[in-house]
There are 2 protein chains.
Amino acid sequence: MKIAVAQLNFHIGNFAQNTGKIIECINRSKAEGADLVVFSELSVTGYYPHDLLERKEFVEQSYEAILRISEQCIGIAAIVGGPSINPEPRGKKLFNSAFFMSDGAIQHVVNKSLLPTYDIFDEYRHFEPNRNFSVIDFQGKRLAITICEDLWDEQETQNEFGREKLYQVSPLKELSALNPDLVINLSASPFSYNQENWRKNILIKNARKYELPILYVNQVGAQTELIFDGGSFYLDKNGEIQEELNYFEEDFRIIDTEVSTQNLQPKAEYIEKIYQALVLGIRDYFGKMGFKKATLGLSGGIDSALVLVLAVEALGKENVRVLLMPSRFSSDHSIDDALQLADILDIQYEIIPIQPMVDSFEQSLSGVFSGLKEDIAEENIQARTRGILLMAISNKFGNILLNTTNKSECAVGYGTLYGDMNGGLSVLGDVYKTDIFKMSRWINRDRVIIPVNTITKPPSAELRPDQKDTDSLPDYEILDQILFGYIEMNLSPSEIIAKGFDEATVLRTVKMVNTNEYKRFQAPPILRVSSKAFGFGRRMPLVAKYS
Amino acid sequence: MKIAVAQLNFHIGNFAQNTGKIIECINRSKAEGADLVVFSELSVTGYYPHDLLERKEFVEQSYEAILRISEQCIGIAAIVGGPSINPEPRGKKLFNSAFFMSDGAIQHVVNKSLLPTYDIFDEYRHFEPNRNFSVIDFQGKRLAITICEDLWDEQETQNEFGREKLYQVSPLKELSALNPDLVINLSASPFSYNQENWRKNILIKNARKYELPILYVNQVGAQTELIFDGGSFYLDKNGEIQEELNYFEEDFRIIDTEVSTQNLQPKAEYIEKIYQALVLGIRDYFGKMGFKKATLGLSGGIDSALVLVLAVEALGKENVRVLLMPSRFSSDHSIDDALQLADILDIQYEIIPIQPMVDSFEQSLSGVFSGLKEDIAEENIQARTRGILLMAISNKFGNILLNTTNKSECAVGYGTLYGDMNGGLSVLGDVYKTDIFKMSRWINRDRVIIPVNTITKPPSAELRPDQKDTDSLPDYEILDQILFGYIEMNLSPSEIIAKGFDEATVLRTVKMVNTNEYKRFQAPPILRVSSKAFGFGRRMPLVAKYS
């Protein structure tokens, strides 16, 4: 059987565009001789529509789009993801469904059984799980259609407190009893650099266990924080990958289920994958929000340098302008380093020293602050003055402000709310500082783009004389390992200490993470590249006592 | 049987304090002759711990607290809410449980069957549902122990697209087959002014349907956004309320299940309830975060006046200081009105005109902005200058900034991000402007506290000459009805238009709501008083196309 794999970049709620793309792919599949074309999970709406699924008009528009698409399926079959109404009187009002279409109509509706409701997933919020299993006969083959998590009944977990079997049923066990010939899986699996092998391993394990070939069709493209990396693939019944589609871009391929090809994608280092993910994340955020231009503050430090490189790659140099905003605490090299990068990338920049405004604030506050010594209040005035200037550029010229906070800072609250935490999108909020150094060196692998001094000098916020990050934080090599243990691995402080880290450093770090939830509550959306990013995949109460 | 109802204010994760309160109540119940004392849902952890439930050390501390409490149950029984570990290999790792304790040990663990996963509830994220039903024999009575949503298998919904039966099972139907004498329900039901009767109606319906008395024990107190209003009650088998505990404060009462008392709380108007809820919300946010003092910007307008009154009531006048920050667009009456209120409430204030700083920004930006006309960029500089001044006071003196944005503004994005949208807590973000007028008049019912001119003058942001809110927004009487239809009732634009509102006004309003998700994404936590507040109970994608 010839099956077309349509790995597309959908836009949530943009039914006209999504439907257009799907119909175009159906026509192309037919023209190229495919028997069937498969799209990803919730393709007609884009994954994930969140509470738009609670809106009647949204579900109606979605169903109209499904009907329009089904009418195009003449001489070819298609499997398209979308919500369907639960006809039963009990349970949630919707199913997360795969519509099997042929002969110009919907022939079968298959509903998702396992609804991920953890981390960034909220599916039981909107959907009722399926409890009935059947296969579809098509051109002499018995197709077992599944949706994403349906194949994840046995989870790999990162620590012993997790659960391997999160669900009461194993859909593939149920389906395998019906003697299928092929498993088709419509997916929307977001990228995370430290889970890259989980997905393949899970599917390979399933193929081998049930001795069934599996066609896995993933969504590609970013939806706010979530970056879907594509990489759809076809596994034979021995669990060997026969076809693998591109990562981080749309792709289309017709596979022949009877032919062995072993057509795999080249392997890439995790730093390169994160780079590609972030570029896609920026590009899709702007493209789908209807924005073109970005701005950011270029400090001479490594974080803003990296964000600038990513933004130029994603949006083009003509669409990025930066502000240099030196203060009396800025070192000469900071300005030089920033200017050097702006020159290398050939982007528009302006220099606005912040001292006049900082002076004006301090003058106006001198009565109220009379007799009190300088502290964090004055440091924050500097950061917030820069925040105002950047937002003024943003408001005047329509350039969206990119936030440059990294994950290490974001974790410990090393940043100023309404100052350097401003922005429409946080580009590096899920990238630890040590990976920012690695990525910068990777960017410079052939020639210097990010000035060497930007990479080699000790990180500093430059909010007081001779300040260094290490004045108030552990070395990033240590800090990032502790943070990874606490956040990604969900280890307790005592487990982290047992790995050999200094007790006082661990407890101080954990306390900083816990007491800064309030800052992260107001942070911009963060492009997610890890298995546990700050944002809606990590929901912590604010008024809580941690110990 | 004599049952003590312990309606307490817990603090999430504060095991020492929660355990201390619970043990104190057990001792008091015993001293006062009760046979059994009942606490609210997840009492040992506080409701709701969110992803702290994923942390091993948190669940361990919770279980240790449960064991400590059980040891105190000598000569009395207690029912205490807390998480328990799921011993089965499949499913989520925790249950949401009620621990029945007597003779110094845990005797029974009853698990919650219906896990609300909608609006502000995320319970299936952390818990496995119970599927086995049994009653507990205690002193010759058969007790059916249930947890909150277990009695809500039939939901009342606000629109036809909702579902009356959200779950596959009816726990009370299962339990009633076991011939119980009494239903006990451990709850954590948050307050919302437009659902006030739902709760009682649901429970009365159950009591009558199954001809069983029901003891409903609710949590009281605020946890960040959520305000739990208490009001625990005992219903006889005819659905008559025999005892009703206080609202918005801790309460303790011993009820005799054999005696008819009809001891009800006085009825209050919804505006008064919202007022009480907000005062409790502010007080608990500060108390549980370990803060004492607040600040805010007093503009002479009604929103900041109301927030000040609420803050003084919640924290005491000695703990609130305000800034008056007039600009060249501030009218004389604004300053007079603000000063009058500060005088009436006898609170500390300072006046800092913003013009010098605004001039400094405009001067520094004059090169970049050269030749361009004034627009929103300059207006926002004013709002953001005020934001910096307030945060400087906050940082210097430790006064937490209270946000004064109302729900109508928050809905349509009429506010400046990093300016007047700043704050640690949004007090009025779930209160429509028309209700703010009502509440202000209610506050003035006996004597003028909020200056009459503050209430009667047309609302204005005063960011340009003679500006009025109605220059860019519909009249609040119209706007708030459209917003209520769209947000609380989840009506489609065409359904709102069908109710008689002007089509262009409805479409413009809905568009403003949809295109300002990005601003609300970075808003402070909002005290929730309605059935649908902005924040984590309303999850909308940012990069989506709405139509």
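Residues numbered from 1 in each chain as written. Chains lettered and ligands numbered in written order. Predicted model: local features only at pLDDT ≥ 70, side-chain atom pairs only at ≥ 80, totals over all residues.

## A look at the domain arrangement of chain A
All names here are of chain A. Taken domain by domain, chain A holds domain 1 (2–267) and domain 2 (273–473 + 516–521). If you look at the interface, domain 1 gives ten residues, while domain 2 gives nine residues. Looking at the side of domain 1 that touches domain 2, the elements with two or more residues in it are β10 (220–223) and β11 (226–229). Of the residues that constitute the side of domain 1 that touches domain 2, the class distribution is six nonpolar, three polar and one charged. (Domains from an automatic or database assignment. Contact = placed C-beta atoms within 7 Å. Helix = DSSP H or I, 4+ residues; strand = E, 2+ residues; numbered from the N terminus. Nonpolar A, V, L, I, M, F, W, Y, C, P; charged D, E, K, R; others polar.)

## Brief notes about the relation of the copies chain B and chain A
Superposing chain B onto chain A requires a rotation of 180° together with a translation of 0.0 Å along the rotation axis, leaving an RMSD of 0.0 Å. Expressed as a symmetry operation, the mapping of one chain copy onto the other fits a two-fold axis. If distances are taken from each C-alpha of chain B to the rotation axis, the shortest is found for Q522 of chain B, at 2.2 Å. Most of the interface of chain B is mirrored in chain A: 100% of its interface residues are interface residues there too. (Least-squares fit on C-alpha atoms with pLDDT ≥ 70 in both.)

## So, the pairing of strand β10 (residues 220–223) of chain B
Residues and elements named next belong to chain B. Relative to strand β11 (residues 226–229), β10 runs antiparallel, the two being bridged by four bridges. Considered in β11, the bridge of Q223 is made with L226. Here β10 folds back onto β11 in antiparallel fashion, the turn holding two residues, of which T224 has a positive phi close to 55°. (Pairing = 2+ DSSP bridges.)

## A closer look at helix α7 (residues 332–345) of chain B
Residue and element names in this part refer to chain B. Compared with an ideal rise of 1.5 Å per residue, which puts 14 residues at 20 Å, α7 spans 20 Å between its outermost C-alpha atoms and is within 8% of the ideal. Where α7 is buried, its residues meet α6 (302–315), β16 (320–324), β17 (348–351) and α12 (452–456). Positive backbone phi, at 55°, marks D346, one or two positions downstream of α7. (Expected span 1.5 Å × (residues − 1).)

## A few points about the interface of chain B and chain A
Across the boundary between the two partners, chain B contributes 76 residues, which contact 76 residues of chain A. Those elements that provide at least two residues to the side of chain B that touches chain A are α2 (56–71), α5 (270–289), α8 (355–365), α9 (376–397) and α17 (517–521) of chain B. Counting residues per element, the side of chain B that touches chain A draws most heavily on α9 of chain B, which supplies twelve residues.

## Some thoughts on the nonpolar core
Generally speaking, nonpolar side chains in soluble globular proteins are found buried as a group. By size, the foremost hydrophobic cluster in this structure holds 339 residues, and its most contacted members are V38, L308 and A311 of chain A together with V38, L308 and A311 of chain B. Ignoring any residue separated from it by four or fewer positions in sequence, one finds L308 of chain B in contact with L296, L298, V320, V322, L341 and L345 of chain B. (Core = buried A, V, L, I, M, F, W, Y, C linked by C-beta atoms within 7 Å. Buried ≥ 20, exposed ≤ 12 C-beta atoms within 10 Å, placed from the backbone.)

## Things to note about the sheet that holds strand β13 (residues 241–244) of chain A
Residue and element names in this part refer to chain A. Here we have six strands laid out as an open sheet, ordered β6-β7-β8-β9-β12-β13, and mixed in their pairing. For this open sheet the edge positions go to β6 (136–138) and β13, each flanked by a neighbour on one side alone. When the angles between neighbouring strand axes are averaged without regard to direction, this sheet yields 20°. Relative to strand β8 (residues 182–186), strand β7 (residues 141–147) is paired through five bridges, and the arrangement is parallel. In the strand pairing of β8, I147 is matched with L186. (Axes fitted to C-alpha atoms, helices over the stretch in contact; angles between N-to-C directions.)

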